[in-house]
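# Structure at a glance
Residue-level listing of the chains:
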Amino acid sequence: MTATAMQLITVTPNPAIDHTVSLDRLEPGAVHRARAEQFEAGGKGIGVAAVAAALGLRTAASGWLGDQNPQLFERAFAERGIADAMVRVPGHTRTNIKLADAERGDSTDINLAGIAFDAESTAQAEAALLARLAPLVGEGTWCTLAGSLPPGVGVESLLRLAEALRARGARLMVDTGGKVLGELLDRLPAAPDFLKPNRAELEELVGQPLPAAADVARAALALRARGVGLVVVSLGGDGAVIAGEGGCWLALPPRVPVATTVGAGDALVAGTLAALVEGQAFPEAAVFGMACAAARIQRIAPGLPPRAEIETLVARIVLQPV
Ligand SMILES: O=P(O)(O)OC[C@H]1O[C@](O)(CO)[C@@H](O)[C@@H]1O
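My aim in this report is to walk through the structure given alongside it, one point at a time.

Reading the values: the criteria
Throughout, a residue's number is its position along its own chain's written sequence, starting from 1. It should be noted that, the model being predicted, local features are given only for residues of pLDDT at least 70 and side-chain atom pairs only at 80 or more, the latter also being counted only at that level, while totals for whole chains, interfaces and linings use all residues. Heavy atoms from the whole structure form the basis of all side-chain values; hydrogens and water molecules are not counted. Here, a strand pair is defined by DSSP locating no fewer than two bridges between the strands. Numbering of helices and strands starts at the N terminus; helices are DSSP runs of H or I of at least 4 residues and strands are runs of E of at least 2. Using a 1.4 Å probe on the protein chains alone, a residue whose accessible area is under 20% of its type maximum counts as buried, one over 50% counts as exposed, and one in between counts as partly exposed. As used here, the arc belongs to the directions running from the helix axis to the C-beta atoms. Angular values range over 0 to 180 degrees, each being the angle between N-to-C directions of two axes fitted as lines to C-alpha atoms, with helices fitted over their stretch in contact. The handedness criterion is simple: a crossing whose near helix is rotated anticlockwise from the far helix by less than a right angle is left-handed, and one whose near helix is rotated clockwise is right-handed. Only heavy atoms matter for contacts: two residues are in contact if any of them lie within 4.5 Å across the pair. Pairing of aromatic side chains here covers Phe, Tyr and the six-membered ring of Trp, requires ring centres within 6.5 Å, and sorts the geometry by plane angle: under 30 degrees stacked, over 60 edge-to-face, intermediate tilted. To define a nonpolar core, start from buried Ala, Val, Leu, Ile, Met, Phe, Trp, Tyr and Cys residues and group those joined through side-chain atoms within 4.5 Å.

Moving on, we come to the sheet that holds strand S8 (residues 142–146). Here ten strands make up an open sheet; going across it, the order is S5-S4-S1-S8-S9-S10-S11-S12-S13-S14 and the pairing mixed. Strands at the two margins of the open sheet, each flanked by one partner only, are strand S5 (83–89) and strand S14 (318–321). Here two bridges tie strand S10 (residues 194–195) to strand S11 (residues 230–234), and the two strands are oriented parallel to one another. Across the sheet, the residue bridging to Leu-195 is Val-231, located in S11.

Below, the structure is given as C-alpha cells:
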C-alpha cells in the first residue's frame, strides 16, 4: 500500500444529518416533551468512518454531500481525523429523525429519501467520485459501500464504482439491503469480501423468514458458497451470526444498558475491519466488532470508550458453533 493510500475508505452515497430526539417514552399520537436533542453527521459509511478512525485506521469518508449544508460533516471529519473525500453535489443533505426511547432502550428511525439525481447529475457525480477516490485506493484498502442510494441513482452506479475500486486492489465490504444487495451479488464479477446484512435484509435477500440462528447460519453459509469472504449477520440484541474461513458461529453479546441502537451496525463493521487490518483472525475480528457495537450503543454521543473498556466487552462475548 502506498503512503497516500487509505486503510479504509467508506462510500456513503446518501449521507444524512441524524437528528436524535431523546424521549422518556415514545407514544404514537401523543405530545412529547423532549429530554434532549443532538445533530450528528450520519449515514452508514460516515458512522463506520467515525468508529474506524477512533480505532486508529487511516480512514477517508466519501460519497455525495449536499453543497448547501456540509458544515456539520466538515467539522466531524476535522475533529475525528477522517480524510474528507466527499464530493459536493447541488442540494441539501437529508436530515433523518431518530426518536430515542429511554424506557425501551431503542430508537425509532425516520429516514428521508435524500437528494434527487437525474441521469446527467448521476453521471457527473459518479465521475467526480471516481476521480476523488482513485489516488486514495491502494492494494488491500478496504472500501465499504453502505446505506441506501439517493433517489434517481441506480445500482449500476454502485456496480461501476465497485469494479473500479476492485481494479485498483481494493477489498470490498457491502452493507446494504433489499434489491440493491441482490443485484450486487448477482452482477459483481467476484463476490464481496465482506457482507454485513441484518436479519431482515438477509430474509429479504433469500425470500423467507429466518427465525432461528440455525436458519440464519444456513443462509450465511450459502453466501459463503457464492464466494463471499466473511458474512456477519447482525441480530440486534441477540448478537450476530458470523461465518468465515473455519466455520460459523453465533456470537452472544454482553448485556449492556442501551442509550440508542443507531449506529450499532456501523460500529460492528468498523470494529471488525479495524481488527482485520491489525491482523486479527476471524472470528476474533468480528467479536471485536461486536464489542465496539456494545460500547457504541451505551452512549448517544458519537465515539468510543477507551480501548481497555472495549477489551472488557470482548471478554464477555460468547461464541457458539452453529
Ligand atoms: O441510508 P439509510 O439506509 O437510509 O440509513 C441511514 C441511517 O443509517 C445510519 O447510518 C445508522 O446505521 C444513520 O446514521 C442514518 O440515518
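Structure's up, so let's keep going.
Bringing helix H2 (residues 71–80) into the picture now. When H2 is considered as a whole, its buried residues turn out to be Leu-72, Phe-73, Ala-76 and Phe-77. End-on, the buried residues of H2 take up no more than an arc of 130°, which puts them together on one face. Every exposed residue of H2 that faces more than 90 degrees away from the buried side is listed here: Ala-78 and Glu-79. Looking one or two places after H2, you find Gly-81, whose phi comes out positive at around 70°.

What follows is about the packing of helix H6 (residues 199–206) against helix H7 (residues 213–225). Remark: H6 packs on H7, axes separated minimally by 11 Å, with the N-to-C direction vectors making an angle of 65°. Seen along the crossing, H6 lies across H7 with a hand that is left-handed. Where H6 abuts H7, its residues Arg-199, Leu-202, Leu-205 and Val-206 lie against Val-216, Ala-219, Ala-220 and Leu-223.

Moving on to the packing of aromatic side chains. With the rule as written, the count across this model stands at three aromatic pairs. Here Trp-64 and Phe-117 contribute two aromatic rings whose centre-to-centre distance is 5.4 Å and whose plane-to-plane angle is 45°, an arrangement assigned as tilted. Here the residue Trp-64 occupies a position in strand S4 (residues 59–66), and Phe-117 occupies one in the loop between strand S7 (106–110) and helix H3 (119–133), the gap between them amounting to 53 residues. On the basis of relative accessibility, which here comes to 5%, the residue Trp-64 falls in the buried class.

Bringing the sheet that holds strand S3 (residues 36–42) into the picture now. Pairing is mixed across the open sheet formed by four strands, whose spatial order is S3-S2-S6-S7. Every interior strand has two partners, whereas the edge strands, S3 and S7, have only one. The mean angle between the axes of side-by-side strands here comes to 25°, regardless of whether they run parallel or antiparallel. In terms of strand pairing, strand S6 (residues 94–101) meets S7 through five bridges, oriented antiparallel. Bridge pairing links Asp-101 to Asp-106 in S7. The sheet contacts of H2 involve strand S2 (16–23) and S3, and relative to S3 the element is tilted by about 75°.

We now examine the nonpolar core. Counting 50 residues, the largest nonpolar core has Ile-9 and Val-241 as the members making the most contacts within it. Tallying contributions element by element places helix H4 (residues 155–167) first for this core, with six residues. Judged by nonpolar contacts, the second largest core, of 39 residues, contains Leu-8, Val-48, Ala-294 and Leu-304.

Bringing the pairing of S2 into the picture now. Summarising burial for S2: eight of the eight residues are buried, a large majority. Residues Ala-16, Asp-18, Thr-20 and Ser-22 point to one face of S2 and Ile-17, His-19, Val-21 and Leu-23 to the other, with burial holding for every one of them. One ladder, built from seven bridges, connects S2 with S3; its direction is antiparallel. Note on S3: the bridge partner recorded for Ala-16 is Gly-42. Where S2 lies against S6, eight bridges are found, and the strand directions are parallel. Paired with Thr-20 across the strands is Lys-98, a residue of S6.

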